[in-house]
Structures are given as C-alpha cells and as structure tokens.
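Coordinates in review
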Amino acid sequence: LKGFLPLMRGFAEFRRRLAQEPPSDTLERRRLGLTRLVLAGPAPESVADDPEGREVLEELRRAWLELDEDVRADIALIALPMDDLEQNALLVNALQRVSTIIVQNSLREGFGLTITEGMWKGVPVLTNSAACGPRQQVRDNVDGRMIGDPEDSADLARVLREMLEDAARLQRWGLAAQPQVHDHFLVYAQLRHWLRLFHRLERMATP
C-alpha cells in the first residue's frame, strides 16, 4: 500500500529516459545521474500486525533483481530496525534530512507522518491525490508535486525528472513546506481548531 513497487519502476524509467534524452548541460547531466533511490520501511519481523510485510519485501527484492545492474546499484532497500525506537528515529531523521525529495507514493494513506516530517525539515514532497491524507497535506506546486495515479510508473518518472531538473523550485517548495506544517499540522494548530469549534457550538447553543 506504500506504492514502493511502482516507485522503483518509476525510478528505473527515469534513469532509462535520462540515458536516452540526457540534458545538454554536462554538469546537469552529471547531477541527475547521481540520483539515488532509498526505499526504507520497518523490518517485517518487527511489525506484528503486518503479516504480509515479509512477502512484500520479497516481491520488492525480486523486482530489484530484474533491473539492469547499473540501476540496481542506485537503489537501496532498507529494513529499519524497530526494537530500538530511538535508533529507528535517528535513522529516519538522517534519511529525511539528506534527501533532495521525499516521496510518499501510498495507494491508501490517512495522515502521512512521513510527509509532515519531511515538510517540517524543508524537504519537497512528491505524493499523489489518490490517497486521502496526502492530498490534504501537500499543495501541488507549492510544497512539492502531486500526481494522480500512484501506480503510474511513467508519470512518476516524468515528475521526478521535472522536480530534480529545477533546483530553484525545489528550494522554493522546501521553504514553503515548513510554514504549512506549522500553521496546520502541529498540535497547537489542532488545539486552535478545537477551540474555534467549541466557541461556535457555544454561540449556537446560547439563546
């Protein structure tokens, strides 16, 4: 449900198109060629309520092995430990902070914590409008980008390249993302919403 498989295929398609239609600028070509994909999730054996986790990881591994060797070298599958929550948090934090883009490609998702964490750290997000939570969190072309279908690998490849080719917009999206989290997704914002609701209800109940 996290959409890792179409994202992996989208990255492979991005690399294929980059080889076929490279940027004319040598430095830009080199920069895009250095792009890496990290697919990180909890180690399956550490999540008791996800019995399909091991099967999904094995499916990803098989798909990874089918890719060309040069593409495989640029994709990392990481099973994050869950037995030490502090270590897990440090690893996730490190991955998010060094990322150029955070992709939340979920087919279904409530509130996307990964999205909010990335936005708070000033990292642009690529997500989709099919999942309910992400489409409430990310403003297309303001905090990052939004595609329609998370299973459309070709569209993922296209938007990944568009984002990576425009460093100025990446910076602008990152700068816009943190205030969006501050104004809408921190606990203080939720308290404000509740207080306003209670105030309206009180006014409605007063004769």
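In case you missed it, the structure is sitting above this.
Residues numbered from 1 in each chain as written. Predicted model: local features only at pLDDT ≥ 70, side-chain atom pairs only at ≥ 80, totals over all residues. Heavy atoms only, no water.

With respect to unusual backbone geometry
This is how it is decided: We count a stretch as a helix when DSSP gives it H or I for four or more residues in a row; a strand needs E for two or more, and each element gets its number in order from the N terminus. Here's how the labels work: a residue is buried when its accessible area is under 20% of the maximum for its type, exposed when over 50%, partly exposed in between, all with a 1.4 Å probe on protein chains only.
Even without being glycine, Asn-141 reaches a positive phi, approximately 65°. You can see Asn-141 is positioned in the loop between helix H7 (132–137) and strand E5 (144–147). Note on Asn-141: relative accessible area 40%, which makes it partly exposed.

Quick word on the packing of aromatic side chains
Selection criterion: Between 30 and 60 degrees the pair is tilted, below 30 it is stacked and above 60 it is edge-to-face, where a pair is any two Phe, Tyr or Trp rings, Trp via its six-membered ring, whose centres lie within 6.5 Å.
On inspection of all chains with the given rule, the structure shows three aromatic pairs. Centre to centre, the rings of Phe-111 and Phe-185 are 5.8 Å apart; their planes meet at 65°, and the pair counts as edge-to-face. Note that Phe-111 is positioned in the loop between strand E3 (102–103) and helix H6 (113–120) and Phe-185 in the loop between helix H9 (167–184) and helix H10 (187–205), a separation of 74 residues in sequence. A ring pair is formed by Trp-194 and Phe-198, whose centres lie 5.8 Å apart and whose planes are at 35°; its orientation type is tilted. Taken together, the residues Trp-194 and Phe-198, both in helix H10 and four residues apart, mark about one turn of the helix.

Let's talk about the nonpolar core
Note the threshold: Think of a nonpolar core as a cluster: buried Ala, Val, Leu, Ile, Met, Phe, Trp, Tyr and Cys residues, connected wherever their side-chain atoms sit within 4.5 Å. Residue contacts are defined here by distance: any two heavy atoms, one from each residue, within 4.5 Å place the two residues in contact.
Grouped together as the largest cluster of nonpolar side chains are 26 residues, with contacts concentrated most on Met-8, Ile-75, Ile-101, Leu-126 and Met-163. When residues of this core are traced back to their parent elements, those giving at least two are helix H1 (4–20), strand E1 (37–42), helix H3 (53–65), helix H8 (153–165) and H9. Broken down by element, this core gets its largest block of residues, seven residues, from H1. Once residues lying within four places of it in the same chain are set aside, the contact partners of Ile-101 are Val-123, Pro-124, Leu-126, Leu-160, Met-163, Leu-164 and Leu-170. In this structure, Ile-115, Val-138, Val-181 and Phe-185 belong to the second largest nonpolar core, which totals eight residues.

Here's the deal with the environment of Ala-19
Tracing the sequence through the fold places Ala-19 in helix H1. The exposure class of Ala-19 is exposed, given its relative accessible area of 64%. Once the C-alpha coordinates of Ala-19 and Arg-29 are considered, the two residues, ten residues apart in sequence, prove to be 9.3 Å apart.

Looking at the sheet that holds E5
Quick reminder of the rule: Each pair of strands is called paired provided DSSP finds at least two bridges between the two strands.
With parallel pairing, three strands are arranged side by side in an open sheet as E3-E4-E5. In this open sheet, the two edge strands, each paired with only one partner strand, are E3 and E5. Relative to strand E4 (residues 125–128), E3 runs parallel, the two being bridged by two bridges. Its bridge partner lying in E4, Ile-102 is registered against Val-125.

A word on the pattern of salt bridges
Spelled out, the test is: We define a salt bridge as a contact between a side-chain nitrogen of Lys or Arg and a carboxyl oxygen of Asp or Glu at a distance within 4 Å.
Counted according to the given criterion, the structure contains 14 salt bridges. Across the pair Glu-13 and Arg-16 runs a salt bridge whose closest N-O atoms are separated by 2.5 Å. With Glu-13 and Arg-16 both in helix H1 and three residues apart, this pair spans about one turn of that helix. Overall, Arg-16 belongs to the partly exposed group, its relative accessible area being 39%. Where Asp-74 meets Arg-36, a salt bridge forms, and the shortest distance between an N and an O atom there is 3.1 Å. With Asp-74 in the loop between helix H4 (69–72) and strand E2 (75–80) and Arg-36 in the loop between helix H2 (26–33) and E1, this residue pair connects regions lying 38 residues apart in the sequence. We classify Asp-74 as buried; its relative accessible area is 10%. For Arg-36, a relative accessible area of 45% puts it in the partly exposed group. If you follow the salt bridges from partner to partner, you end up with Asp-140, Arg-145, Asp-155, Arg-158 and Glu-162 in one network.

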